[in-house]
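# Structural overview
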Amino acid sequence: MTFPSDDLTPLLTRRGGGGGVSYASGVIRSWNPTTFANVVEVRGTVFRNLPVLASTDALTYTTGDVVGLISYDPTGSRGATTWAIAGRWVIPGSGSAERIIQFLQTSLARRLVDELVQELLISESGQELAAFVLASRIKSATAAPSVLTSSSTYVALSGGPEVTDVPVSESGKMLVMVGCEGVVSSAIGQPDQAAAMSFAISGATTRPASDDEAYIVAYVDIDEVSFFHGRSMAVAEITGLNPGLHTVSARYRKVFGGGAVDFSLRTLIAIGL
């Protein structure tokens, strides 16, 4: 049996006092969590698309849930004429409370995040916000004066550069760029030279400098005295970092050759991801 309207008066006999407040309960037979379109059965009678008291909890309704129905008749003369779903009954020990909490902590959170990401991707304000967040995570430093080293292991040199408080999220990733003008030489009767600028990480994670992420400049010439001024930049994606704040510091070494190698116009950029 299906009623042509939402008047439940013939079915519901319990009446509240003063103004005709009426209550009932029903069982959800069909529920659309996106539109709240519904089918509710009350004492064997099916009603379709009853109004819903909108709430976050309504996103978690499902088939078989018991819901409370309420209506108000100001005159108290005809009984309830417009009914609405006022909420869901949660029976302790039935598992429904746990299901609601799990949904709110996972599915709802995921949906809200997805909507936020979509907003960031398509809206002007979202893109401005994304640009602001990215810009706030870029840390950079430069050092112009020339420095020399003949160390074959990585060492810190005057002026750094160094950046502090680089935030790393649960992704454990950081993007680091190092660059400089490196001067190396080769001469008859002298070893050829190569120089490397890399970086060390400290703070939430400790990581030494490595040639794997270094900018390396080299010159090999066996015929005449030569010098090579190289200016460029190396980019490295660092993974496996602990969440938290990090310090990134420039490190230098002579890879091979005689004498000292020269570094100037040094730049260091770190972006925590």
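From a predicted model like this one, the values you see are computed outputs, not experimental measurements.

Attention now moves to the overall build of the protein. Looking only at helices and strands, the protein features three helices and 14 strands. Within the protein, the proportion of its 273 residues that are buried is 40%.

A word on the pairing of strand β2 (residues 38-42). Counting buried positions along β2 yields four of five residues, so the element is predominantly enclosed. Bridge count for strand β1 (residues 21-31) against β2 is four bridges, and the pairing is antiparallel. Opposite S30, over in β2, you have V39 as the bridge partner. In the sheet, β2 pairs with strand β3 (residues 45-48) via four bridges, with the strands oriented antiparallel. Considered in β3, the bridge of E41 is made with V46.

Our focus in this paragraph is the environment of S136. On the secondary structure map, S136 appears in helix α3 (residues 124-136). Linking S136 and V166, residues 30 residues apart in sequence, is a C-alpha distance of 9.9 Å. Within the local environment of S136, its side chain forms a polar contact with the backbone oxygen of V133, the two atoms lying 2.6 Å apart.

Within the fold, S22 resides in strand β1. Owing to a relative accessible area of 1%, S22 belongs among the buried residues under this scheme.

A few words now on the confidence of the model for the protein. Per-residue confidence for the protein gives a mean pLDDT of 79; residues scoring 70 or more make up 77%. Within the protein, the lowest mean pLDDT, 70, falls on helix α1 (residues 96-105), and the highest, 95, falls on strand β8 (residues 162-168). Predicted confidence for residues 224-228 stays below pLDDT 50, and this span has 19 contacts to residues more than four positions away or in other chains.

We now examine the pattern of salt bridges. Pairs can form between side chains of opposite charge whenever their charged atoms are close. Throughout the structure, instances matching the rule amount to five salt bridges. Linking R29 and E41 is a salt bridge whose minimum nitrogen-to-oxygen distance equals 2.8 Å. A residue pair is termed long-range when its members are at least 10 positions apart, and R29 in strand β1 and E41 in strand β2 qualify at 12 residues. Judged by relative accessible area, which is 42%, R29 ranks as partly exposed. Between K173 and E237 there is a salt bridge; the shortest N-O distance is 3.5 Å. Separated by 64 residues along the polypeptide, K173 in the loop between β8 and β9 (174-186) and E237 in strand β12 (residues 226-238) bring together distant segments of the chain. Judged by its relative accessible area of 33%, K173 is partly exposed. Residue classification places E237 among the partly exposed residues on the basis of a relative accessible area of 49%.

Rules behind the numbers
Residues numbered from 1 in each chain as written. Predicted model: local features only at pLDDT ≥ 70, side-chain atom pairs only at ≥ 80, totals over all residues. Heavy atoms only, no water. Helix = DSSP H or I, 4+ residues; strand = E, 2+ residues; numbered from the N terminus. Buried < 20%, exposed > 50% of the residue type's maximum accessible area, 1.4 Å probe, protein only. Pairing = 2+ DSSP bridges. Polar contact = N/O pair within 3.5 Å; in protein donor to acceptor, adjacent residues only side chain to side chain. pLDDT = per-residue confidence, 0-100. Contact = heavy atoms within 4.5 Å. Salt bridge = Lys/Arg side-chain N within 4 Å of Asp/Glu carboxyl O.

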